[in-house]
Each structure stands twice: as C-alpha cells, then as structure tokens.
Amino acid sequence: MKDKITVITGTVGVDAHVIGTKIVSRILGEQGFNVVALGAQTPPEEFIKVAQETDADAIFMSSLYGMAELDLQGFKEKCIEAGLNDVLLYIGGILGVMKHDWKEDEEKFKRLGFDRVYPPEADVMAAIEDLKQDLRAKGKL
Ligand code: B12
C-alpha cells in the first residue's frame, strides 16, 4: 500500500478546454489524492514524462475538441516503453467529433489501451470510486 496515490490530470494535445480538468483536479485533491495538474494543451509525451518523474499511479486525461483519437495513437505503447505498465489510464470529456455513438468511443479508447473511458459530463465522484476499486485490485489501496 502506498502512502499517497498520485494522479496526473490534464487536457491532451492542443486542446485548450481547461475547465473540466480543473474541476476533476479539484475533486481528486479534495478526496485526498496527490494531484499533479498539467492543465490544458499537454502533449501526450508530457503525461508520460511527468508520470515517470512522480511515480504516478493514474492519469486522468481530458479531451473535448474531438481529436483525442489522433492525439493518442500509440500512447499506451509509449507508456509501456517508458516502464509505466502499471499506471491506470482514464479518459473523459467529449471524445468524438460531432454527434456519435459514445459506446463506439468507449470501444475505440479501450483498444488504444485506456482502462476506463467516460462519456460527456461524467460524474467525477463515480470515476473516483472506479479508481479506488482499480487501485484495490492492484493492492495499492
Ligand atoms: C467553453 C468552451 C470553449 C472555450 C474553452 C475555454 C477554456 N479555457 O476552457 C473556447 C472558446 C476557448 C473553446 C474553443 C474551442 N472549442 Co469549445 N467549447 C466550450 C464549451 C461551450 C464548454 C466546455 C466546458 O468548459 N464545459 C464545462 C466542463 C466543466 O465540462 P467538461 O470539460 O466536459 O468536464 C466535465 C466532465 O466531462 C468530466 N470530465 C472531463 N474530463 C474528464 C476526465 C476524466 C478521466 C473523468 C473521469 C471525467 C472528466 O468532469 C468535468 C466536470 O463535470 C463546449 C460545449 C459543451 N457543451 O461542452 C464547446 C466545445 C467542447 N468546443 C468545441 C469546439 C469545436 C471548439 C473549437 C475547435 C472551436 C474553433 N473552431 O475554434 C475551439 C478549440 C480550441 C482548442 N485549441 O482547443 C466543440 C467540440 C466538438 C466535438 N468534440 O465534436 C464543443 C463541444 C462545442 C460544439 N457543440 O461544437 N471552447
């Protein structure tokens, strides 16, 4: 069991939408997590670098501008190359472009290696419950 669980947050790529990730960061902090908030327009490689530096347990990534699938090609593979096999990858926001079936997004992002994928306006507290469950399964909580 770790003393404190570290979660990295941020909006990936050149996505400027910052409000959601700020709310996510605030709630995670209030729930006792050590939050490393990278803010908006964070390149995928920056998530990986900071996860290594901080020995992070999870990444809570946001994307709203519809380009996440392009931004995140090969992301899981890069995480593995960087030795981050054990870091939980969660993503939320508005993952697709225009009107689309969210279930398809969920499948796409799971194929890209994300452990959990959330629909628009997801309940952050429910995601934190998922995180606790996943951390318990890894013996970290
Ligand atoms: C405000 C806004 C902007 C502002 C952003 C200001 C800022 N600094 O953040 C400005 C004006 C800059 C902007 C720009 C653009 N925008 Co805009 N924007 C919005 C708007 C109106 C609200 C977004 C928002 O802040 N929501 C409130 C927050 C609290 O919600 P949220 O981010 O979804 O986060 C919540 C949950 O989703 C969840 N959550 C979020 N992330 C995560 C992660 C995890 C792991 C979990 C568990 C949960 C979670 O928790 C949060 C709290 O409840 C939306 C429309 C909408 N209704 O969403 C369009 C919208 C996102 N924008 C859109 C677009 C197209 C753009 C532009 C490309 C427009 C343009 N042509 O220039 C640019 C993109 C620029 C860029 N480089 O990113 C589109 C995206 C379309 C798509 N995906 O198909 C939207 C949906 C509007 C639309 N209907 O077309 N935008």
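Conventions used here
- Residues numbered from 1 in each chain as written.
- Predicted model: local features only at pLDDT ≥ 70, side-chain atom pairs only at ≥ 80, totals over all residues.
- Heavy atoms only, no water.
- Helix = DSSP H or I, 4+ residues; strand = E, 2+ residues; numbered from the N terminus.
- Rg over C-alpha atoms; globule rule 2.2 N^0.38 Å.
- Buried < 20%, exposed > 50% of the residue type's maximum accessible area, 1.4 Å probe, protein only.
- Contact = heavy atoms within 4.5 Å.
- Areas by Shrake-Rupley, 256 points an atom, 1.4 Å probe, with all protein chains shown as cover.
- Lys, Arg positive; Asp, Glu negative; His and termini not counted.
- Charge placed at Lys NZ, Arg CZ, Asp CG, Glu CD.
- Near = heavy atom within 4 Å.
- Polar contact = N/O pair within 3.5 Å; in protein donor to acceptor, adjacent residues only side chain to side chain.
- Nonpolar A, V, L, I, M, F, W, Y, C, P; charged D, E, K, R; others polar.
- Patch = residues over 30% accessible without salt bridge, like charges linked within 9 Å, V, L, I, M, F, W, Y side chains within 5 Å.
- Salt bridge = Lys/Arg side-chain N within 4 Å of Asp/Glu carboxyl O.

Re the overall build of the protein chain
Link 1 in the chain: When you go through the protein chain residue by residue, the secondary structure sums to 6 helices and 5 strands.
Link 2 in the chain: Ordered by position in the sequence, the α and β elements of the protein chain form the string β-α-β-α-β-α-α-β-α-β-α.
Link 3 in the chain: Relative to the 2.2 N^0.38 estimate, which gives 14 Å for 141 residues, the radius of gyration of the protein chain is 14 Å and therefore close to what a compact globule would have.
Link 4 in the chain: When the 141 residues of the protein chain are sorted by exposure, 46% land in the buried category.
Link 5 in the chain: Within the protein chain, counting contacts between residues at least 6 apart in sequence, those at least 24 apart form 76% of the total.
Link 6 in the chain: Surface accessibility of the protein chain: about 7,400 Å² in total, with carbon and sulfur atoms responsible for 53%.
Link 7 in the chain: Treating the 17 positive side-chain charges of the protein chain as one cloud and the 24 negative ones as another, the clouds have centres 3 Å apart.

A closer look at the site of the ligand
Link 1 in the chain: Inspection of the region around the ligand gives 28 residues, with Ala16, His17, Val18, Ser62 and Met98 positioned closest.
Link 2 in the chain: Here an oxygen atom of the ligand and a backbone polar atom of Met98 are 2.7 Å apart.
Link 3 in the chain: Mapped onto the shell around the ligand, the elements with two or more residues apiece are α1 (19-30), β3 (58-63), β4 (88-93) and α6 (124-137).
Link 4 in the chain: Taken together, the residues that form the shell around the ligand break down as 19 nonpolar, 7 polar and 2 charged.

Looking at helix α2 (residues 44-54)
Link 1 in the chain: Turning to α2, its buried residues are Pro44, Phe47, Ile48, Val50 and Ala51.
Link 2 in the chain: Buried positions along α2 lie against β1 (6-11), β2 (34-37), β3, α3 (68-71) and α4 (75-81).
Link 3 in the chain: Once α2 finishes, Asp55 follows within two positions and takes phi at roughly 50°, a positive value.

As for a nonpolar patch on the surface
Link 1 in the chain: A surface patch of nonpolar side chains, amounting to about 440 Å² of accessible area, comprises Met67, Leu70, Val97 and Met98.
Link 2 in the chain: Here Met98 shows up in the loop between β4 and α5 (102-111).
Link 3 in the chain: On the basis of relative accessible area, Met98 is assigned to the exposed category, the value being 71%.

Let's talk about the pattern of salt bridges
Any two side chains of opposite charge can pair, given that their charged atoms come close.
Link 1 in the chain: Applying the stated criterion across every chain yields a total of 13 salt bridges.
Link 2 in the chain: Here Glu106 ties to Lys103 by a salt bridge, and the two come within 2.6 Å at their closest N and O atoms. Of this pair, Glu106 and Lys103 are both found in helix α5, 3 residues apart, which corresponds to roughly one turn of the helix.
Link 3 in the chain: Judged by relative accessible area, Glu106 falls into the buried class, the value being 15%.

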